[in-house]
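What the coordinates show
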Amino acid sequence: MEVDIIEFKAPTESNKALFIWDLQAGYSHAYIYERVSSAFSSFGPLFLVKVLPNSPSVSPGFYSLVKFYCSRHALQAQRSTDGTLLFQSTPVKVRLSTRQAPFLQFDNQLLSHSRCLELANHCLGFNGWSTRIINLKVLPSDSLEEGQGHEASGRSQEVSGRSQEVSGSQTTLRYGCLLELSFPQHGVSTRGVAVIEETFSLSGPAVCMQKHSKLQRWVRDKALVHAFSSVLLILLGDGRVMVELRPGDQLRLEDQPDEVIKVNELVTEPEEEEPADLAFS
């Protein structure tokens, strides 16, 4: 029986990428994107879909880049769609990549929060997993720098019943979150932890409340991403999906991560560069 393993990381293998060209110019970019996504997602969850206009040196039209999490899904999609009409009046060409193109490289980075949810829901269903917050709290702003148990420097003030460190008019607010990620149908659970902070100007209670709400949401999202990073989806040839975990100890909030995520360092998912020197099989 064929078995494939999907991690909650950006896929790096070239045999998971497809190139589709000969897409007609009579359709809008948005329409082609929707139809390509719909057609190829029927074979398995997609990490990436891009639709780009042809080079001026060739006939008008578009081509598309599709990347799967699973190489078996990519191969099935290529064999099933190459030479078909797909959604237009002329056949399309679909090829597997033969080497890793720079614009498809993501350094095996962890998936974003939204992509973790998308992948989990696609493979396991909306009721196939659940989360539970074990601990969510404000942490001393120097706890990772000088060790726990040290008194925080600077003066402390209470904002909505929570303490935060203030230096002049600048306030540093740090949140930690520990949550449990469970897969009830598989009898599997794991934990994720994250710490996130932001330094901002203290300009009134409303600003503080907004910052607390925002950091609580972000630290929960980051802890869930961390929890998913230990999960392996085992795809069996008969269509069943199993859930396994990487070996590792359970976490407590006291076992804080080595890196504190600063809000001003948070970035959206990287933009893919324009492709060049494509290679197909």
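The model shown is predicted, which means the values in this text are computed figures rather than measured ones. (Residues numbered from 1 in each chain as written. Predicted model: local features only at pLDDT ≥ 70, side-chain atom pairs only at ≥ 80, totals over all residues. Heavy atoms only, no water.)

Comments concerning the overall build of the protein
Defined as follows: The helix count covers DSSP runs of H or I at least four residues long, the strand count covers runs of E at least two residues long, and both are numbered beginning at the N terminus. Only protein chains enter the accessibility calculation, which uses a 1.4 Å probe; a residue whose area is less than 20% of its type maximum is buried, one above 50% is exposed, and one in between is partly exposed. Residue contacts follow a heavy-atom distance rule, with two residues in contact if any of their heavy atoms lie within 4.5 Å.
Within the protein one finds five helices and 13 strands. The buried share of the protein, reckoned over its 281 residues, is 43%. Taking the intrachain contacts of the protein between residues at least 6 apart in sequence as the baseline, contacts between residues at least 24 apart amount to 73%.

Re the packing of aromatic side chains
Our working definition: Stacked, edge-to-face and tilted labels apply to pairs of Phe, Tyr and Trp rings (six-membered ring for Trp) whose centres lie within 6.5 Å, assigned for plane angles under 30 degrees, over 60, and everything in between, in that order.
Overall, the coordinates contain six aromatic pairs when judged by the stated rule. Taking 5.2 Å as the distance between ring centres and 20° as the angle between the ring planes, the aromatic pair formed by Y27 and Y31 counts as stacked. By relative accessible area, which is 29% here, Y31 ends up partly exposed. Centroid distance F47 to Y69: 5.8 Å. Interplanar angle 75°. Geometry classified as edge-to-face.

Thoughts on a nonpolar patch on the surface
Keep this limit in mind: Patches draw on residues past 30% relative accessible area with no salt bridge. Two like charges within 9 Å are joined, as are two nonpolar side chains (Val, Leu, Ile, Met, Phe, Trp, Tyr) within 5 Å. The protein chains shown are the only cover counted for residues, whose accessible areas, like all others here, come from Shrake-Rupley with a 1.4 Å probe. By salt bridge we mean one thing: a side-chain nitrogen of Lys or Arg within 4 Å of a carboxyl oxygen of Asp or Glu.
There is a patch of nonpolar side chains on the surface, built from M1, V3 and I5 and spanning about 330 Å² of accessible area. Tracing the backbone shows M1 in the segment before strand 1 (3-7).

Description of the layout of surface pockets
Summary: where empty space remains is shown by rolling a probe the size of a single water molecule over the atoms. Selection criterion: Method remark: on a 1 Å grid restricted to protein atoms, a set of points is classed as a cavity if a 1.4 Å probe fits but cannot get out and as a pocket if it is open with protein on both sides within 12 Å along at least five of seven lines; lining residues have an atom within 4 Å of a point. Grid points are joined across faces, edges and corners, and a volume is the space filled by probe spheres set on the points. Gly counts as polar in this scheme, as do all residues outside two lists: the nonpolar Ala, Val, Leu, Ile, Met, Phe, Trp, Tyr, Cys and Pro, and the charged Asp, Glu, Lys and Arg.
Counted as a void, the second largest pocket has a volume near 340 Å³. Taken together, 17 residues make up the lining of the second largest pocket; nearest its centre are Y33, L46, F47, L48 and V49. Those elements that provide at least two residues to the lining of the second largest pocket are helix 1 (29-41), strand 3 (46-53) and helix 3 (113-124). At six residues, the largest contribution of residues to the lining of the second largest pocket is made by strand 3. Classifying every residue of the lining of the second largest pocket gives nine nonpolar, four polar and four charged.

Some points on the sheet that holds strand 11 (residues 231-236)
Inclusion rule: Strands are treated as partners if at least two bridges between them are detected by DSSP. Note on geometry: axes are C-alpha line fits, over the in-contact stretch for helices, and angles between N-to-C directions span 0 to 180 degrees.
Strand order in the open sheet made by the three strands is 1-11-12, with antiparallel pairing throughout. The outermost strands of the open sheet, each flanked by one partner alone, are strand 1 and strand 12 (241-245). With strand direction ignored, the average angle separating the axes of adjacent strands in the sheet is 30°.

Observations regarding the environment of P184
Tracing the backbone through its elements, the reader meets P184 in the loop between strand 9 (170-183) and strand 10 (188-201). In sequence terms P184 and G128 are 56 residues apart; their C-alpha atoms lie 7.0 Å from each other. With residues near it in sequence (within four places) discarded, P184 still touches G128, W129 and S130.

Focus: the nonpolar core
To be explicit about the condition: Among buried residues, those of type Ala, Val, Leu, Ile, Met, Phe, Trp, Tyr and Cys that are joined through side-chain atoms within 4.5 Å constitute a nonpolar core.
Core analysis: the largest hydrophobic core is formed by 37 residues, its most contacted members being F8, L119, L181, F183, F228, V231 and L233. When residues of this core are traced back to their parent elements, those giving at least two are strand 3, helix 3, strand 9, strand 10, helix 5 (205-228) and strand 11. Looking at this core, the element that brings in the most residues is helix 5, giving eight residues. Setting aside residues up to four positions removed in sequence, L233 forms contacts with D4, I5, I6, F8, L119, C123, L124, V241, M242 and V243. Among the nonpolar cores identified, the runner-up in size contains 18 residues, and I32, V36, L46 and V51 belong to it.

A few points about the pairing of strand 4 (residues 62-68)
In terms of burial, strand 4 is a largely internal element, seven of the seven residues being buried. Here strand 4 shows two buried faces, one formed by F62, S64, V66 and F68 and the other by Y63, L65 and K67. As defined by bridge partners, strand 2 (residues 17-23) adjoins strand 4 across five bridges and the pair is classed as antiparallel. Across the sheet, the residue bridging to A17 is K67, located in strand 4. Of the pairings in the sheet, the one linking strand 3 to strand 4 comprises seven bridges and is antiparallel in character. Residue pairing across strands places V49 opposite V66, the latter belonging to strand 4.

Remarks on the sheet that holds strand 5 (residues 93-96)
Strand pairing in a sheet relies on backbone hydrogen bonds. The paired strands run either parallel or antiparallel. The sheet built from four strands is open, its strands ordered 3-4-2-5 with antiparallel pairing. Of all strands in the sheet, those bounded by a partner on one side alone are strand 3 and strand 5. Taking each pair of neighbouring strands and ignoring which way they run, the sheet shows an average axis angle of 15°. Strand contacts of helix 1: strand 2, strand 3, strand 4 and strand 5, with the helix running at about 145° to strand 3, the strand carrying the most contacts.

What to know about the pattern of salt bridges
Per the stated rule, a full pass over the model turns up nine salt bridges. For E7, the salt bridge goes to R246, with nearest N and O atoms at 1.7 Å. Taken together, the residues span a long stretch of sequence, with E7 in strand 1 and R246 in the loop between strand 12 and strand 13 (261-262) at a distance of 239 residues. E7 gets classed as partly exposed once you look at its relative accessible area, which sits at 28%. A relative accessible area of 32% means that R246 is categorised as partly exposed. The network of salt bridges with shared partners includes E198, K211 and K214.

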